[in-house]
Amino acid sequence: TERLFGGFKKTSDRLSENLTTAVSTATLDDATLEEVEDALIMSDLGPAAASRIREKLKEKRFGLQISERELKKAVADEIAEILRPVAKPLEITAFPRPQVILVIGVNGSGKTTTIAKLAHWLVEEDYEVMLAAGDTFRAAAIEQLATWADRVGVPIVKGPQGGDPASIVFDGVKAGTDRGTDALVVDTAGRLQNKRELMDELAKIRKVLGRLNPEAPHDVILVLDATNGQNALSQIDVFKEVAGVTGLIMTKLDGTARGGVLVAAAEQYGLPIHAIGVGETIDDLRPFDPDLVAKVIAG
Ligand code: GDP
């Protein structure tokens, strides 16, 4: 909790300051509500969530006296209402094993680090985990993932740079099936510049997977960088279309004032949020606790 609060400090400071400015009067009137809505938008919660929260506050407390503390509490409650339905930890339930988890996202979003964190988390939960280096486009990506696999202590299936990602994934499922692996976490290329190619690549991976297990991929997790603010949201749009996203992990919530974008994502897309990244080490993946996050965001 300490680290989560620490991680979210900038987001929390920003909204908190703005909310403090909003309660210049002691009554929750239209002007104050307007200021609250502006504060929420400035904190990256997005217009839809901001307007919903404003309406809820109006419904429940219009014309009533409200202190700064009460306002923050009320805002936190409404944020939690938005976040709760999307808080869904990743569950390993696939039968037959392995559960195939594709991880997608633009380069730099924290995809590789998140795969390592996720693998570590699953290992801690006593699952057998294997990685597949499906981002064959960048040589560095394969090496980086292999280094993480070593550090986390899990096997990795990889091929040469420029190799066929679908065949890596095929090998991964084969090896995973032989070894009794519970979860196969697959890195994929993050090239959004070339949507067509990425789409074809993912389609091919799906086709190969589907032949081995019609249920696979079981999860398609999009990794988003919170520091990108609203831009992270447009990535959801694109990847939903290109890749059939089933859930989100948002990274870099430490050290950004834009953590409110989590709320915007929840409100606009309703996709499950599995976890959040709050740092660069393998221990820095947190379960997504909606009440705690809401409290931290509202300051
Ligand atoms: P990829 O290109 O999407 O695979 O991104 P990487 O996993 O290589 O991460 C890009 C950079 O972001 C690296 O320097 C990571 O250490 C850093 N990073 C990843 N996740 C987090 C996070 O949750 N918090 C912080 N502060 N940095 C992160």
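Everything numeric here is computed off the predicted structure, so don't read it as measured data.

Turning our attention to the overall build of the protein chain. Summing up its helical and strand segments, the protein chain has twelve helices and eight strands in all. The C-alpha atoms of the protein chain give a radius of gyration of 21 Å, which matches the 19 Å a tight globule of 299 residues would have. Expressed as lengths along the three principal axes of its C-alpha atoms, the size of the protein chain is roughly 65 × 35 × 35 Å. Scored against the burial criterion, the 299 residues of the protein chain give a buried share of 55%. Partitioning the contacts of the protein chain with sequence separation of at least 6, the portion at a separation of at least 24 is 77%. Separation of charge centres in the protein chain, based on 35 positive and 45 negative side chains, amounts to 2 Å.

This brings us to the UniProt feature "domain: SRP54-type proteins GTP-binding" (unreviewed entry) in the protein chain. In the numbering used here, UniProt assigns the "domain: SRP54-type proteins GTP-binding" (unreviewed entry) feature to residues 98–299. With 46% helix and 20% strand, residues 98–299 has end C-alpha atoms that lie 41 Å from one another.

Attention shifts here to the packing of helix 5 (residues 68–83) against helix 12 (residues 290–298). The interhelical angle for the contact between helix 5 and helix 12, taken along N-to-C directions, is 140 degrees, at an axis separation of 8 Å. The angle between helix 5 and helix 12 falls in the class oblique. In this structure, helix 5 meets helix 12 at a crossing whose hand is right-handed. Across from Lys72, Val75, Ala76, Ile79, Ala80 and Leu83 in helix 5, the residues of helix 12 making contact are Pro290, Asp291, Val293, Ala294, Lys295, Ile297 and Ala298. Partitioned by chemical class, the residues of the contact of helix 5 with helix 12 number ten nonpolar, no polar and three charged.

A word on the site of the ligand. Taken together, 18 residues lie near the ligand, and Gly108, Thr112, Thr113, Asp254 and Glu280 sit nearest. Within the backbone of glycine 108, an N or O atom sits 2.6 Å from an oxygen atom of the ligand. Between lysine 252 and the ligand, the recorded distance is 3.0 Å, taken from a backbone N or O atom to an oxygen atom. In isolation the ligand offers 580 Å² of accessible surface; the protein chains occlude 80% of this area. Taking a 2 Å distance to the grid points as the criterion, the majority of the atoms of the ligand fall inside the largest pocket. By residue number, the principal contributor to the shell around the ligand is helix 6 (residues 111–124), which donates four residues. When grouped by side-chain class, the residues that make up the shell around the ligand number two nonpolar, ten polar and six charged.

Take the packing of aromatic side chains next. Going through the model one piece at a time under the given rule, you end up with zero aromatic pairs. Above the face of the phenylalanine 62 ring, lysine 58 is positioned so that its terminal group lies 5.4 Å from the ring centre. It is arginine 191 that lies over the ring of phenylalanine 137; its NZ or CZ is 3.9 Å from the centre.

The next subject is the UniProt feature "domain: AAA+ ATPase" (unreviewed entry) in the protein chain. Summarizing the sequence annotation, UniProt attributes the feature "domain: AAA+ ATPase" (unreviewed entry) to residues 97–248 in the numbering used throughout. Taken end to end, residues 97–248 comprises 49% helix and 19% strand; its first and last C-alpha atoms sit 22 Å apart.

The grouping of Glu124, Glu125, Asp126, Glu128 and Asp283 at the surface amounts to a negative patch. Mapping aspartate 126 onto the fold places it in the loop between helix 6 and strand 2 (129–134). Here aspartate 126 falls in the exposed class, since its relative accessible area comes to 70%.

Moving on, we come to the pattern of salt bridges. Per the counting criterion, the structure on display carries 21 salt bridges. The salt bridge involving arginine 84 is made with aspartate 291; its shortest N-O contact spans 2.7 Å. Highlighted residues: arginine 84 in the loop between helix 5 and strand 1 (99–104) and aspartate 291 in helix 12, separated in sequence by 207 residues. The class of arginine 84 is partly exposed, set by a relative accessible area of 37%. Given the relative accessible area of 39%, aspartate 291 is considered partly exposed.

Turning our attention to the pairing of strand 5 (residues 219–225). Within strand 5, seven of the seven residues are buried, which leaves the element mostly enclosed by the surrounding structure. A two-sided burial pattern is seen for strand 5, the buried positions comprising Asp219, Ile221, Val223 and Asp225 on one face and Val220, Leu222 and Leu224 on the other. The pairing of strand 1 with strand 5 spans four bridges and is parallel. Residue valine 103 lies in a different strand from strand 5, and its bridge partner there is isoleucine 221. Pairing between strand 5 and strand 6 (residues 247–251): five bridges, direction parallel. Its bridge partner lying in strand 6, leucine 224 is registered against methionine 250.

Criteria and cut-off values
- Sequence order as written defines residue numbering, which begins from 1 separately in each chain.
- The predicted origin of the model limits local features to residues at a pLDDT of at least 70 and limits the giving and counting of side-chain atom pairs to 80 or more, whereas totals for whole chains, interfaces and linings rest on all residues.
- To obtain the side-chain values, all non-hydrogen atoms of the structure were used and water was disregarded.
- A run of H or I in DSSP becomes a helix once it reaches four residues, and a run of E becomes a strand once it reaches two; helices and strands are each numbered from the N terminus.
- The reference for a compact globule is 2.2 Å times residues^0.38; the radius of gyration itself is calculated from the C-alpha atoms.
- For every residue, the accessible area (1.4 Å probe, protein chains only) is compared with the maximum for its type, and the residue is labelled buried under 20%, exposed over 50%, or partly exposed between those bounds.
- Working rule for contacts: check all heavy atoms of both residues, and any pair within 4.5 Å makes them a contact.
- Charge assignment in this entry is limited to Lys and Arg as positive and Asp and Glu as negative, and neither His nor the chain termini are counted.
- Where a charge sits is defined by one atom per residue type, namely NZ (Lys), CZ (Arg), CG (Asp) or CD (Glu).
- UniProt positions are given in the numbering used here, feature names are shortened, and annotations may be inferred rather than shown by experiment.
- Orientation is described by axes fitted as lines to C-alpha atoms, over the contacting stretch for helices, and by angles from 0 to 180 degrees between their N-to-C directions.
- Any angle between 65 and 115 degrees counts as roughly perpendicular, while under 35 counts as roughly parallel, over 145 as roughly antiparallel, and the rest as oblique.
- Crossing handedness is read from the near helix: turned anticlockwise from the far helix by less than a right angle, it gives a left-handed crossing, and turned clockwise, a right-handed one.
- The classification used treats Ala, Val, Leu, Ile, Met, Phe, Trp, Tyr, Cys and Pro as nonpolar, Asp, Glu, Lys and Arg as charged, and all other residues, Gly among them, as polar.
- The near set for a molecule or strand comprises every residue that places at least one heavy atom within 4 Å of it.
- What qualifies as a polar contact is a pair of N or O atoms within 3.5 Å, subject to a donor-acceptor requirement within protein and to the restriction that residues adjacent in sequence count only when both atoms come from side chains.
- What sets the accessible areas is the Shrake-Rupley method with a 1.4 Å probe; for residues, cover comes only from the shown protein chains.
- In this analysis, the protein atoms alone were mapped onto a 1 Å grid. Cavities are point sets where a 1.4 Å probe fits without being able to get out; pockets are open sets with protein on both sides within 12 Å along at least five of seven lines; lining residues have an atom within 4 Å of a point.
- To qualify as sitting in a cavity or pocket, a molecule needs more than half of its atoms within 2 Å of the grid points.
- Classification of ring pairs uses Phe, Tyr and Trp, with its six-membered ring standing for Trp, and accepts pairs whose centres are within 6.5 Å; under 30 degrees between planes counts as stacked, over 60 as edge-to-face, and the remaining range as tilted.
- Counted as over-ring charges are cases with an Arg CZ or a Lys NZ within 6 Å of the ring centre that also lie within 35 degrees of the ring normal.
- For patches, a residue must show more than 30% relative accessible area and have no salt bridge; joins then use 9 Å for like charges and 5 Å for nonpolar side chains, namely Val, Leu, Ile, Met, Phe, Trp and Tyr.
- The working definition used for a salt bridge is a side-chain nitrogen of Lys or Arg within 4 Å of a carboxyl oxygen of Asp or Glu.
- Strand pairing requires that DSSP identify at least two bridges connecting the strands.

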